[in-house]
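Residues per chain are reported as follows:
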Amino acid sequence: RRLALGKGSKTLAEARSALGIAELANLPIPFTRKGPARQMPSFRCEAVVLTTPGRAPLPGWLFTPSAVTNATPMLILNGEGKKAAAKQVSRGLDAGRAVLAVDLSGVGETCGSPHKFYGAPNKDEELAVMAYALGDSLARIRAEDVLIAARWLGTACAAAPVEVCCSGWDVTPVRLASM
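Residues numbered from 1 in each chain as written. Predicted model: local features only at pLDDT ≥ 70, side-chain atom pairs only at ≥ 80, totals over all residues. Heavy atoms only, no water.

If you trace the backbone, Glu125 turns up in helix α3 (residues 125–133). Counting along the chain gives 13 residues from Glu125 to Leu138, while the straight-line C-alpha distance between them is 9.5 Å. (Helix = DSSP H or I, 4+ residues; strand = E, 2+ residues; numbered from the N terminus.)

What follows is the structure in C-alpha cells.
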C-alpha cells in the first residue's frame, strides 16, 4: 500500500500521533555548550552541543559567514553524520547563510558501536531495538531531535523559519518532523 505523505496530509498527522512526536511548542529549548571557535577568512566555525534534559546531547558545528546577511539559516542533516555534509555546508556559506550541521541521535558521533547488531544490515539497528524495548521509537526520538535543532538554530540566528536540508537516513525523521 502506498502512503501519501504530503505536507499536512492526514496520514502524516496520524504517523506523528502514533509515534508520539511532540509538537515544537512542547519541546524544551536546548542549552548549548560551545567549543573554541575558529575564524576562517570567510566564515567562523564553532563546535556546539545541544543539550536538553532527558535526551542524548546533539553534537554539531555552527558555521557563520563573515559577511552578515539576512539569508535564511540552514540546518544540515546527513544520515552519514555531520562530517559527510561538507558540500552542503559549503553551498550554504557561499550563499551567505548561517549553517548548523548536527548529528541526530544514533548518527555520526552518536552512532554507538561500530559492529552490527546481530548481523543487522544497518548500524542503528541496535539503537532502534533498544528504543523499542523501552517502549519508544528511534523515529520519534530523531524527529524530535530535528525540531529541537531547528528551534535552536532559529533562536541563535534570530531568524525564522529555518531551512532544513537532509540526506540519507535523516530524511525520514525530517519528514516526520515537518507539518
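Okay, back to it.
Our next topic: the sheet that holds strand β6 (residues 163–167). What holds strands together in a sheet is hydrogen bonding between their backbones, with the strands either parallel or antiparallel. If you trace the 6 strands from one edge of the open sheet to the other, you get β1-β2-β3-β5-β4-β6, paired in mixed fashion. In this open sheet, the two strands that pair with only one neighbour each are β1 (31–39) and β6. Across the sheet, the axes of successive neighbouring strands diverge by a mean angle of 20°, strand direction being ignored. With 4 bridges connecting them, strand β3 (residues 58–65) and strand β5 (residues 99–102) associate as antiparallel partners. Its bridge partner lying in β5, Gly60 is registered against Val102. In this fold helix α2 (residues 86–94) packs onto β2 (43–51), β3, β4 (74–78), β5 and β6, with an angle of close to 170° to the strand it touches most, β4. (Pairing = 2+ DSSP bridges. Axes fitted to C-alpha atoms, helices over the stretch in contact; angles between N-to-C directions. Contact = heavy atoms within 4.5 Å.)

The next thing to look at is the environment of Asn78. If you trace the backbone, Asn78 turns up in strand β4. Accessibility expressed as a relative area gives 10% for Asn78, which makes it buried. Between the C-alpha atoms of Asn78 and Asp103, which are 25 residues apart in sequence, the distance is 7.6 Å. Setting aside anything within four residues of it in sequence, one finds Asn78 in contact with Ala84, Ala85, Gln88, Val107, Ser167 and Asp170. A distance of 3.3 Å separates a polar atom in the side chain of Asn78 from the backbone oxygen of Ala84. (Buried < 20%, exposed > 50% of the residue type's maximum accessible area, 1.4 Å probe, protein only. Polar contact = N/O pair within 3.5 Å; in protein donor to acceptor, adjacent residues only side chain to side chain.)

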